[in-house]
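An overview of the molecular structure
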Amino acid sequence: MRSSPLPRMSRRGRVTIGVLIGVFVFFTLLGWGVNAWTDWLWFDEVRYTQVFTGVLATRLLLFLVIGLAMAAIVAGNLWLAYRLRPQLRPHSAEQATLERYRMLLSPRLGTWIALASAVIGLFAGLSAQSRWSQWLLFRNGGSFGVKDPEFGIDVGFYVFQLPFWRYLLGVGFTAVVLALLGALAVHYIFGGVRLQGVGDRMTNAARAHLSSLVAVFVVLKAIAYVLDQRAMLLEYNEGAKLYGAGYADINALLPAKEILAWIAVVVAVAIIVFSNAWMRNLVWPGIALALLGVSAVAIGGIYPWAVQTFEVKPSARDKEAPYIERSIEATRAAFGLTGTKSTGYAADNLIPPASLATDTSVVQNVRLLDPQLVSETYTQLQQVRGFYDFGSKLDIDRYAVSGKTSDYVVGVREINYGELPNNNWINRHTVYTHGYGLVGAPANQVVCGGQPYFVSGFLGEKAQEACSSQTEQIPAQQPRIYYGERMEADDYAIVGQTGDRNVEFDRPTSTGGEQYYTYGGEGGVEIGSFSRRLLYAIKEQESNFLLSEAVNDDSKLLYVRNPRDRVEKVAPFLTLDGDPYPAVVNGRVLWIIDGYTTAATYPYAERVNLQAETTDELTGRGTFQLARENVNYIRNSVKATVDAYDGTVKLYAFDDTDPVLKAWNKAFGGELVLPKGDIPPELAEHFRYPADLFKVQRNLLTKFHVTDPGDFYSGQDFWQVPNVPDAPDSGQKQPPYYLFTQFPGQESPRFQLTAAVTPNGRQNLAALVSGSYVDGRPQLEVLELPDQTRVSGPTQVHQQMTNNGDIRQQLNLLSSNQAQVQYGNLLSLPFADGMLYVEPVYVKSSNQDAYPLLQKVLLSYGDGGSYVVLANNLSDGIKQLVEQGKRAATGSPPPNTGDNPPTTGGTSPPVLTGELAEAAGKVQSAIAEVKAAQASGDFERYGRALKALDEAMAAFQQAQAAANPSPGPAPSGSPSASPPASPSSSPSPNG
């Protein structure tokens, strides 16, 4: 009596399961359909439907092609295995056990094969559809016009072709393995493969089938070896600590891969021949596979290891030199460093020059307002209502007002939905729909006890505050902000009213009332019809779309209101900068977002993680953190704009030579990105060097400014990015800062992004890196200071200024239990063959709703410690520095560094002249060098400085004796001859 292998399910159970599956499928398809339909409506609103259809069609194509191909390969081999089953099987316990499974499978074998293949094809298709970007680049990519240094193949092959070929190879391996496992299972179940019984363990048909699949696998392995030869140029070279094939790779592993490829072909042929045409057993095919495995270990593993260990390591500097040079050149090309202009800057002037007081290109443009600190000030002084907000960080831009171009700190007055007085659905989505005004203030000017001087963004026709401009100096014809950085994903707005009644809160009036408004822009999706309201009610899971009277026939829905999200949706192939910024262009408030095209397969180029390279003190405080994306090629190829009123998105090609951007534009019809010539000149005036790109380039320049392979291998000339000057123990890097200034070698002031770097493991200044636009093209410049410079770095300068005795006393007076001192950006400015440092000092009361006020300015010139002042304003500080410089030139002691005049007991120090004054000046310089060496922690430099000080003191005493033959006390204007702290008490090299 035969028993059923599996119990049958009742009819009610089958119906219940069917209903549950149907409900699940229905709601899944409904959710997908609603999202797809609403996405189409949104793309139609912004007029980028080609992106929606292009991505969707590509995803569906890959899903169907790869899914069907995988399903067909698996199904075909399962069916073939069944057709090749033996008609007669020897009797054994094993076969008796398998009989019940044959009874279950045989009646509906086609159904079981189709079901298994469909599941495999489904997962393969789902995996494939995520490769839409690789396919579009594969299909539309062109040439870079640059060949790799080993094979002479265009870089376009590595960027556009290689990733997709490697994916297809992976699909092939997966398909063959699944087909092999499935066929083996079917052969076993139906007797083609046996573990027990007399005779052969495998029928001829099963052996031919399975051996053919193994042979195909080995052929794919041969193809993999060929692709691996190209991919070697992308791998990490442990010997040189760089990316790209090194000496052992090129001279050992590369030929090994070629040999292994031919061995794999021979093994594949041997498997077919020995299994089917000659001996018809698996012994020799097994030997052939074992030979391939042994060859892979010996030729592909042991031999390259031996070359690396015994030939390369003993003389790695010489062996790896050509390949280090390849990596340097490729990295500089891939990250846009090739055109970096490097200029030596002596910085040997340590005495403040008199020209500081008359300068108009650097000093007058010094930025005092810190966009991170004054955001609270903007909020408190320009908030007006508690639900307005400027975010945690403002932005820096430049405007020409009254014929003069200068920096402005700007911010947009947006709605903070978390602070609404009554945060219900009506208020959140239909009443408080927009912010108002771009508020700006000159970056180098304060009024009324340290407040910014506001010149724009007023809620009325003119400012009501006495400490602001009485007229709009940056006028915006449409100041309303419907799209902004403070908008979250669920902050949609329903606008548009029937009749003349306005319901959207616009702004408070000067009389204490409130003005209301009705949106009249082109943005938004129309939701007046019942079907649209039902559609969005399902999408947002909100019944008010159907029930509320606020939704009427003229209503529009504004959603995806964050400018960065908006551009990311329109151009999903771009990596966007983390700091969008607003600008008034032709009377409209526009958000400007920098877009990057990236790649990860540029041969020999260094690979970096964007999130790690762009994270610093400001990340997450008004700037977005980039994703953990590994890249070795980047271009600022697109400048995108989003209209703050109607949400219009425009993409402009900024780097029109970028092959990656050309490929993406071609993939979406050729008109997705507007040509560079279409950029309005008024918009181009507000373009700025993007911060995240600059951080990546600056970090790479700390190593790749060294172009000699030998020096690069030693690493002795590498730099590092300093930590935040006022919090060096935090481990956070100092952010770069925007300045409108003129550096040495520049013909006129530029709006440029600047950062200081220090030698690796030390704190003195090594170079200044700046990025700006010259004639619409990006320009990186490096002002490189000499080795062993005595000029302090940002962290040292801050410590030396704030630890000065007189200044520390004044800072302590500013801070108390009722207030705290906050330091703004420490700016490093090259001037007159020396370095000028400026650091604003803010004071914030501990009272509720207090905000920082600029109270003092720290200034230093030279090495950061010899000439320091703490002044009420920049002008007074410059005058005090100049006075110190004049006294140093005459050998007089420096005056008190605070605001109070020094007391001299009613007597003036004698003025030194001639050789005595020159000798005194040398002593002052030697003392400054001793201080700088002590702060740097460089003991060798410190010893040289002490020796130079002794020599300068001896020369001064000789000059003094010559000037005063009779013995007497040293003049009061002479410097102290007592040496500084001994080397044993000096700080460590790490500061």
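Residues numbered from 1 in each chain as written. Predicted model: local features only at pLDDT ≥ 70, side-chain atom pairs only at ≥ 80, totals over all residues. Heavy atoms only, no water.

1. Describing the overall build of the protein
Applied cut-off: Runs of E in the DSSP output that reach at least two residues are strands. Runs of H or I that reach at least four are helices, and both are numbered from the N terminus. We call a residue buried when its accessible area falls under 20% of the maximum for its residue type, exposed when it is over 50%, and partly exposed in between, using a 1.4 Å probe and counting protein chains only. Contacts are assigned to residue pairs with any non-hydrogen atoms lying within 4.5 Å of each other. Note on areas: Shrake-Rupley with a 1.4 Å probe; residue coverage comes only from the protein chains shown.
Counting secondary structure elements, the protein contains 26 helices and 34 strands. Here the protein holds 991 residues, and the buried ones make up 54% of them. Long-range pairs, those at least 24 residues apart, make up 68% of the contacts in the protein with a sequence separation of at least 6. In the form shown here, the protein has an accessible surface area of approximately 43800 Å², with 55% of it arising from carbon and sulfur atoms.

2. Details of a nonpolar patch on the surface
We apply this condition: Patches here: salt-bridge-free residues with over 30% relative accessible area, like charges joined within 9 Å, nonpolar side chains (Val, Leu, Ile, Met, Phe, Trp, Tyr) joined within 5 Å. Any Lys or Arg side-chain nitrogen located within 4 Å of an Asp or Glu carboxyl oxygen qualifies as a salt bridge.
Taken together, the side chains of Val 15, Val 19, Val 23, Phe 26, Phe 27, Leu 30, Phe 530, Leu 534, Ile 538, Leu 546 and Leu 547 make up a nonpolar region of the molecular surface, amounting to roughly 1000 Å² of accessible area. Counting only elements with at least two residues in the nonpolar patch, the list comes to helix H1 (11-46), helix H14 (530-540) and helix H15 (544-547). With respect to the secondary-structure elements, Leu 30 resides in helix H1.

3. Notes on the side chain of Ser 375
Just so we agree on the cut-off: Residues adjacent in sequence count toward polar contacts only when both atoms are side-chain atoms; beyond that, a polar contact is any pair of N or O atoms within 3.5 Å, and within protein one must be able to donate a hydrogen and the other to accept it.
On the secondary structure map, Ser 375 appears in helix H12 (residues 374-382). There is a polar contact of 3.0 Å between the side chain of Ser 375 and the backbone oxygen of Gln 372. A distance of 3.2 Å separates a polar atom in the side chain of Ser 375 from the backbone oxygen of Ser 392. The residues contacting Ser 375, other than those within four sequence positions of it, are Gly 391, Ser 392, Lys 393 and Leu 394.

4. Concerning the nonpolar core
In plain terms, the rule: Here, the term nonpolar core denotes a set of buried Ala, Val, Leu, Ile, Met, Phe, Trp, Tyr and Cys residues that are joined through side-chain atoms within 4.5 Å.
If you look at the biggest cluster of nonpolar residues, it comprises 187 residues, and the most contacted ones within it are Leu 651 and Phe 668. For this core, the leading source of residues is helix H6 (residues 155-189), giving twelve residues. Excluding its chain neighbours within four sequence positions, the residues that come into contact with Phe 668 are Gln 50, Val 51, Gly 54, Val 55, Trp 132, Leu 136 and Phe 573. Within the second largest apolar cluster, 22 residues are counted, among which are Ala 347, Val 821, Leu 826 and Val 868.

5. Some thoughts on the pairing of strand S19 (residues 581-585)
Selection rule: Between any two strands, pairing holds if DSSP finds at least two bridges.
A large share of S19 lies buried, amounting to five of its five residues. Alternating positions in S19 separate into two faces, Tyr 581, Ala 583 and Val 585 on one and Pro 582 and Val 584 on the other, with burial throughout. Between S19 and strand S20 (residues 588-599), which pair antiparallel one after the other, the connecting turn spans two residues, and Asn 586 there sits at a positive phi close to 50 degrees.

6. Re the pattern of salt bridges
Two side chains bearing opposite charge may form a pair once their charged atoms approach each other closely. On inspection of all chains with the given rule, the structure shows 26 salt bridges. Asp 395 is the salt-bridge partner of Lys 393, the closest N and O atoms lying 3.5 Å from each other. In this structure, Lys 393 and Asp 395 share a single accessibility class: buried. Notably, a salt bridge pairs Arg 750 with Glu 781, separated by 2.6 Å at the nearest N-O pair. A residue pair is termed long-range when its members are at least 10 positions apart, and Arg 750 in strand S27 (residues 750-759) and Glu 781 in strand S29 (residues 777-784) qualify at 31 residues. In this structure, Arg 750 and Glu 781 share a single accessibility class: buried.

7. A word on the state of the cysteines
Heads up, the rule is: Note on terminology: pairs of cysteine sulfur atoms within 2.5 Å are recorded as disulfides.
Evaluated as defined, the whole model comprises one disulfide. Note that Cys 448 is cross-linked by a disulfide to Cys 467, the S-S spacing being 1.8 Å. Here the S-S torsion is close to -100 degrees, and the disulfide linking Cys 448 with Cys 467 is therefore left-handed. One end of the pair, Cys 448, is in the loop between strand S10 (446-447) and strand S11 (451-452); the other, Cys 467, is in the loop between S11 and strand S12 (480-481), and 19 residues separate them in sequence. Taking the relative accessible area as the measure of exposure, Cys 448 reaches 40% and is therefore partly exposed.

8. Concerning the sheet that holds strand S9 (residues 438-442)
Selection criterion: Lines fitted to C-alpha atoms define the axes, with helix axes restricted to the stretch in contact, and inter-axis angles between N-to-C directions lie between 0 and 180 degrees.
With respect to topology, three strands assemble into an open sheet ordered S5-S6-S9, the strand pairing being antiparallel. This sheet does not close on itself; its edge strands, each paired only once, are strand S5 (395-401) and S9. Mean inter-strand twist for the sheet, computed between neighbouring axes without regard to direction, equals 40 degrees. Bridge count between strand S6 (residues 404-412) and S9: five bridges; the pairing is antiparallel. When the bridges of S9 are listed, Gly 411 appears paired with Val 439.

9. Things to note about the packing of aromatic side chains
We count it as follows: Classification of ring pairs rests on two measures: the distance between centres of Phe, Tyr or Trp rings, Trp counted by its six-membered ring, which must be within 6.5 Å, and the angle between planes, read as stacked under 30 degrees, edge-to-face over 60 and tilted in between. Whether a charge sits over a ring depends on NZ of Lys or CZ of Arg being within 6 Å of the ring centre and within 35 degrees of the ring normal.
Enumeration over the complete set of coordinates arrives at 42 aromatic pairs. Here Tyr 602 and Tyr 633 contribute two aromatic rings whose centre-to-centre distance is 5.9 Å and whose plane-to-plane angle is 5 degrees, an arrangement assigned as stacked. Here Tyr 633 lies in strand S23 (residues 633-643) and Tyr 602 lies in the loop between S20 and strand S21 (608-609), a separation of 31 residues in the sequence. The buried category is assigned to Tyr 602, whose relative accessible area is 6%. Between the aromatic rings of Tyr 738 and Phe 751, the centroid separation amounts to 5.4 Å while the plane-to-plane angle is 5 degrees, which identifies the pairing as stacked. Taken as a pair, Tyr 738 in strand S26 (residues 737-741) and Phe 751 in strand S27 lie far apart in primary sequence, 13 residues in all. Pair check on accessibility: Tyr 738 and Phe 751 agree, each one buried. Taken together, the ring pairs in this structure connect Trp 135, Phe 138, Phe 164, Trp 165 and Tyr 167 into an aromatic cluster. Here Lys 676 stacks its cationic end above the ring of Phe 654, 4.8 Å away from the centre of that ring. Directly above the ring of Tyr 581 sits Arg 688, whose terminal nitrogen or CZ lies 3.9 Å from the centroid.

10. Some points on the environment of Arg 230
Here Arg 230 lies in helix H7 (residues 204-231). According to the relative accessible area criterion, Arg 230 is partly exposed, its value standing at 22%. For the pair Arg 230 and Leu 254, spaced 24 residues apart in sequence, the C-alpha separation works out to 9.1 Å. In this structure, Arg 230 is in contact with Phe 151, Ile 153, Phe 157 and Tyr 158, ignoring residues within four places of it in sequence.

11. Focus on the packing of helix H5 (residues 132-140) against H6
Filter applied, for reference: Note on angle classes: values under 35 degrees are labelled roughly parallel, values over 145 roughly antiparallel, values of 65 to 115 roughly perpendicular, and the remainder oblique. What makes a crossing left-handed is the near helix being turned counterclockwise from the far one by less than a right angle; a clockwise turn instead makes it right-handed.
At their nearest, the axes of H5 and H6 sit 8 Å apart, and the two run at 130 degrees to each other. By the angle between their axes, H5 is oblique relative to H6. Considering the relative orientation of H5 and H6, their crossing is left-handed. The segment H5 lies against H6, with Gln 134, Trp 135, Leu 137 and Phe 138 engaging Phe 160, Gln 161, Pro 163, Phe 164, Trp 165 and Tyr 167.

12. Looking at the sheet that holds strand S17 (residues 556-558)
Taken in spatial order, the three strands of this open sheet run S13-S17-S16, and their pairing is antiparallel. For this open sheet the edge positions go to strand S13 (493-495) and strand S16 (525-526), each flanked by a neighbour on one side alone. The pairing of S16 with S17 spans two bridges and is classified as antiparallel. Bridge pairing in S17 links Glu 526 to Lys 556.

13. Focus on the environment of Gln 515
Topologically, Gln 515 is positioned in strand S15 (residues 514-517). Classification of Gln 515 as partly exposed rests on a relative accessible area of 29%. For Gln 515 and Asn 502, which are 13 residues apart along the polypeptide, the C-alpha to C-alpha distance reads 9.0 Å. In this view, Gln 515 contacts Arg 480, Glu 504, Phe 505, Asp 506, Arg 507 and Thr 509; residues no more than four positions away in its chain are not counted.

14. Details of the pairing of S6
Of all nine residues in S6, seven are buried, a share of seventy percent or more. Both S5 and S6 contribute to a ladder of seven bridges, which runs antiparallel. Counted as the bridge partner of Arg 398 is Asp 407 from S6.

15. Quick word on the packing of H6 against H7
Applicable threshold: Classification convention: Asp, Glu, Lys, Arg as charged; Ala, Val, Leu, Ile, Met, Phe, Trp, Tyr, Cys, Pro as nonpolar; all other residues, Gly among them, as polar.
Packing of H6 against H7 brings their axes to within 10 Å, and their N-to-C directions diverge by 160 degrees. The pairing of H6 with H7 is recorded here as roughly antiparallel in orientation. Where H6 crosses over H7, the two elements pack in a sense that is left-handed. Residues that form the contact of H6 with H7 fall into these classes: 23 nonpolar, three polar and three charged.

16. Some points on a negative patch on the surface
Spelled out, the test is: When charges are tallied, Lys and Arg are placed among the positive residues and Asp and Glu among the negative ones, while His and the ends of the chain are skipped. Every charge is mapped to an atom, namely NZ of Lys, CZ of Arg, CG of Asp or CD of Glu.
A grouping of Glu 488, Asp 490, Asp 565 and Glu 568 is seen on the molecular surface, where their side chains present a negatively charged patch. With respect to the helices and strands, Glu 488 occurs in the loop between S12 and S13.

17. Structural notes on unusual backbone geometry
Most peptide bonds adopt trans geometry, and most residues besides glycine take a negative phi value. In this model, Asn 586 sits at a positive phi of 50 degrees, which is unusual for a non-glycine residue. With respect to the helices and strands, the residue Asn 586 is situated in the loop between S19 and S20. Not every positive phi belongs to a glycine, and Asp 775 is a case in point at roughly 55 degrees. On the secondary structure map, Asp 775 appears in the loop between strand S28 (767-774) and S29.

18. What to know about the confidence of the model for the protein
How we decide: Per residue, pLDDT measures the predictor's confidence, with a range of 0 to 100.
Across the protein, the average pLDDT comes to 85, with 87% of residues at or above 70. In the model, residues 1-6 has pLDDT below 50 throughout and makes four contacts with residues more than four positions away in sequence or in other chains.

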